[in-house]
Amino acid sequence: MPTLDIDNLGASYGGNTVLRGVTMALRTGEVMSLIGPSGSGKSTLLRVLVGLLVPDHGRVVVDGAPVNYANKQSVRALRERCAIVFQQYNLFQNMNVLENVAVTPVRIRKRPRREVEAEAMALLARVGLGDKIRSYPDELSGGQQQRVAIARALALKPEFLFLDEITAALDPELVSDVLDVIRGLANDGMTMLIVSHEMAFVREISDRVVFMADGLVVETGTPTEIFDHPQMPRTRDFVGKILRH
Amino acid sequence: MDYRFHFGQIFTSLPFLMGGALLSLEIAVLAFFGGMVIGTAGAAAVTLGSPALRRIARAYIVFFTNTPQLVQIFFLFFVLPDAGIVLDPLQAVLLGMTLNAGAYLTEIQRAGFTSVRQTELDAAAVLGMSTWQSIRYVILPHVVRTLFAPLSNHFILMVLGTSMAAVFGVDELTGRAYSINAETFRSLEVFSVTAILYVLITIAASMVLALAGRALFRVRMKFV
């Protein structure tokens, strides 16, 4: 049963067309990864999905209901169901770790603070930061900040989790801690759309892999299909370059 | 130099001087907060306003940051009466310092407005915050934290700047020191004690501001 349908989605940045009609579907419990060269529109697709960039054309349908990105109510309703983690963590610098995770459930969704904080502490323990709840973002390493950002996203209890190159800004030795957290989420059945350059990780964790280039989906398949038996020349070219790497 | 210190008369006048110091602080506080109101509006105009509004704000800043404050106050005190607006010395000093502070505080706050990171705003948006909620929970705390130290420094400068009021006969710390000097001719003693009082006020103000900054906004500031 497909729950997030993307149909002929197009978007542009200041006159530059970045997405030229992307069509794909994300099913419940599925981990789907977007790969492709820089500028292929992977991150832009995630930005459009969460309403940070209004699409030029096309539709996004969540559980049968189309999202109207020009309508604040519609976008807000969408954001109650999905969460995104950015490459640059984007934590609130003026809040400590616990506040970063709890601020939205408490202030925006008006849930009881005590209950939210208990959940937040459980989430932070899960990402290995149970002892850092009073620290501020600038006191943490990049990997720790990214794990806070993941906990902040999970505190929203999202049905869809979008991860935008979340390990790209991290020092290599910090990457594995973050990926371990994502692995745990995948095992728990979280529906995820992942943009990543960690090909070994993509291959291991994904149910399906989407190869994008020039704002279009070139090929979709299982990790084995995409990495071992790519059908399209562009996919073959890209995968060949990476594997030689 | 054969000089005998006579602090006796100065010490008996100490309460008088301290009363003056209190007035100095009052002038600085009033002008600072008046300047903050102008500065916030000015920074909003410069960063978010229409081209015409920006030009007006820029002209105001250019004028007030490139002319001496004393000249600005002379202007208010001696020129405005020609237009039928008569200000007493304290009013002229307060208005002049407020307008001057408004220009500098516009510049300081503009830096704060532009330092808000788009990434944090993106995060706030996707977490479901409305524009007002982003301002309340993300932008304002960030701006306050960024600006606390430079604003504090400007306040200290303004405390010292209040001594200009003596020129207009305002009875603040320097004005009172000037009066005592005229009566006693113990210039060295009078102005030494006055200088020490200024140092004490500014140190006290710096400490209060630094402690408040640490406690409220997690600003790391040196005490003095």
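Small disclaimer: the values here were computed from a predicted structure and weren't measured.

Scoring rules and cut-offs
Residues numbered from 1 in each chain as written. Chains lettered and ligands numbered in written order. Predicted model: local features only at pLDDT ≥ 70, side-chain atom pairs only at ≥ 80, totals over all residues. Heavy atoms only, no water. Axes fitted to C-alpha atoms, helices over the stretch in contact; angles between N-to-C directions. Helix = DSSP H or I, 4+ residues; strand = E, 2+ residues; numbered from the N terminus. Parallel < 35°, antiparallel > 145°, perpendicular 65-115°, else oblique. Left-handed = near helix turned anticlockwise from the far one by under 90°. Nonpolar A, V, L, I, M, F, W, Y, C, P; charged D, E, K, R; others polar. Core = buried A, V, L, I, M, F, W, Y, C linked by side-chain atoms within 4.5 Å. Buried < 20%, exposed > 50% of the residue type's maximum accessible area, 1.4 Å probe, protein only. Contact = heavy atoms within 4.5 Å. Polar contact = N/O pair within 3.5 Å; in protein donor to acceptor, adjacent residues only side chain to side chain. Pairing = 2+ DSSP bridges. Buried area = accessible area lost by both parts, 1.4 Å probe. Salt bridge = Lys/Arg side-chain N within 4 Å of Asp/Glu carboxyl O. Expected span 1.5 Å × (residues − 1).

Visitor: Help me out: how do you make sense of the packing of helix H2 (residues 14-48) of chain B against helix H5 (residues 89-114) of chain B in this one?
Guide: Residue and element names in this part refer to chain B. In the contact formed by H2 and H5, the axes pass within 5 Å of each other and the chain directions differ by 45°. Between H2 and H5, the crossing angle belongs to the class labelled oblique. Considering the relative orientation of H2 and H5, their crossing is right-handed. The residue inventory of the contact of H2 with H5, partitioned by class, reads 17 nonpolar, 11 polar and 1 charged.

Visitor: Before we go on, may I ask you to explain the nonpolar core in this structure?
Guide: One recurring pattern in soluble globular proteins is that nonpolar side chains are buried together. Among the nonpolar cores identified, the biggest contains 82 residues, and Leu45(A), Leu49(A), Leu161(A), Phe162(A), Ile182(A) and Met192(A) are the most heavily contacted of them. Looking at which element gives the most residues to this core, the answer is helix H6 (residues 172-187) of chain A, with 8 residues. Beyond its immediate chain neighbours, meaning those up to four positions away, Met192(A) contacts Leu26(A), Glu30(A), Val31(A), Met32(A), Leu161(A), Leu163(A), Ile182(A), Leu185(A) and Ala186(A). One finds Ile108(B), Met164(B), Ile180(B) and Val190(B) within the second-largest nonpolar core, a separate group that totals 41 residues.

Visitor: Help me understand the side chain of Gln145(A), please; the structure alone is not making it clear to me.
Guide: Residue and element names in this part refer to chain A. For Gln145, the location among the structural elements is in helix H5 (residues 142-154). Given a relative accessible area of 11%, Gln145 falls into the buried group. A polar contact of 3.2 Å, which involves the side chain of Gln145, links it to the backbone oxygen of Pro137. In contact with Gln145, not counting residues within four places along its chain, are Tyr89, Leu91, Gln93, Pro137 and Leu140.

Visitor: Can you help me understand the pairing of strand E4 (residues 57-62) of chain A in this one?
Guide: Side-chain direction in a regular strand flips from residue to residue, so the side chains alternate between the two faces of the sheet. Residues and elements named next belong to chain A. Pairing of E4 with strand E5 (residues 65-66) involves 2 bridges; the strand directions are antiparallel. Looking at the pairing, Val61 lines up with Pro66 of E5. As consecutive antiparallel partners, E4 and E5 are separated by 2 residues, and within that stretch Asp63 has a phi angle of approximately 50°, a positive value.

Visitor: Got a minute to help me understand the interface of chain B and chain A in this structure?
Guide: In many analyses, interface size is given as the accessible surface area lost on bringing the parts together. Taken together, the contact between chain B and chain A spans 20 residues of the former and 23 residues of the latter. For the chain B and chain A pair, buried surface summed over both sides reaches about 2000 Å², with 58% attributable to carbon and sulfur atoms. Along the contact surface separating chain B from chain A lie 2 salt bridges. Here Arg47(A) ties to Asp122(B) by a salt bridge, and the two come within 3.0 Å at their closest N and O atoms. Across the contact surface, chain B and chain A share 3 residue pairs in polar contact (both at pLDDT 80 or more). Mapped by element, the contributors of at least two residues to the side of chain B that touches chain A are helix H6 (118-126) and helix H7 (131-161) of chain B. With 7 residues, the single largest contributor to the side of chain B that touches chain A is H6(B). Of the residues in the side of chain B that touches chain A, the class split is 9 nonpolar, 5 polar and 6 charged.

Visitor: Just to check I follow, could you spell out the sheet that holds strand E6 (residues 82-85) of chain A for this structure?
Guide: Hydrogen bonds along the backbone pair up the strands of a sheet, which may run parallel or antiparallel. Residue and element names in this part refer to chain A. Sheet architecture is open: 6 strands sit in the order E6-E7-E8-E3-E9-E10, paired in mixed fashion. Each having just a single partner strand, E6 and strand E10 (216-221) make up the two edges of the open sheet. For this sheet, the mean inter-axis angle between neighbouring strands, taken without regard to orientation, is 20°. Here strand E3 (residues 31-35) pairs with strand E9 (residues 208-213) via 4 bridges, running parallel. Looking at E9, one finds that Met32 is bridged to Arg208. The sheet contacts of helix H9 (residues 233-244) involve E3, E9 and E10, and relative to E9 the element is tilted by about 100°.

Visitor: Would you mind going over the environment of Thr222(A) with me for this structure?
Guide: Residues and elements named next belong to chain A. Within the element layout of this structure, Thr222 appears in the loop between E10 and helix H8 (223-228). Taking relative accessible area as the criterion, Thr222 reaches 31% and is therefore assigned partly exposed. Taking the C-alpha atoms as reference points, Thr222 and Ser38, 184 residues apart in sequence, are found 22 Å from one another. When neighbours within four sequence positions are excluded, Thr222 is seen to be in contact with Asp207 and Arg208.

Visitor: For this particular structure, what's the right way to read helix H9 (residues 187-217) of chain B?
Guide: An α-helix turns once every 3.6 residues. As a result, residues three or four positions apart point the same way. Residue and element names in this part refer to chain B. Helix length check: H9 (31 residues) gives 43 Å between terminal C-alpha atoms against 45 Å at 1.5 Å per residue, within 8%. Among the residues of H9, those classed as buried are Glu189, Val190, Val193, Thr194, Leu197, Tyr198, Ile201, Thr202, Ala205, Ser206, Ala210 and Gly213. On its buried face, H9 is in contact with helix H1 (8-12), H2, H7 and helix H8 (173-184).

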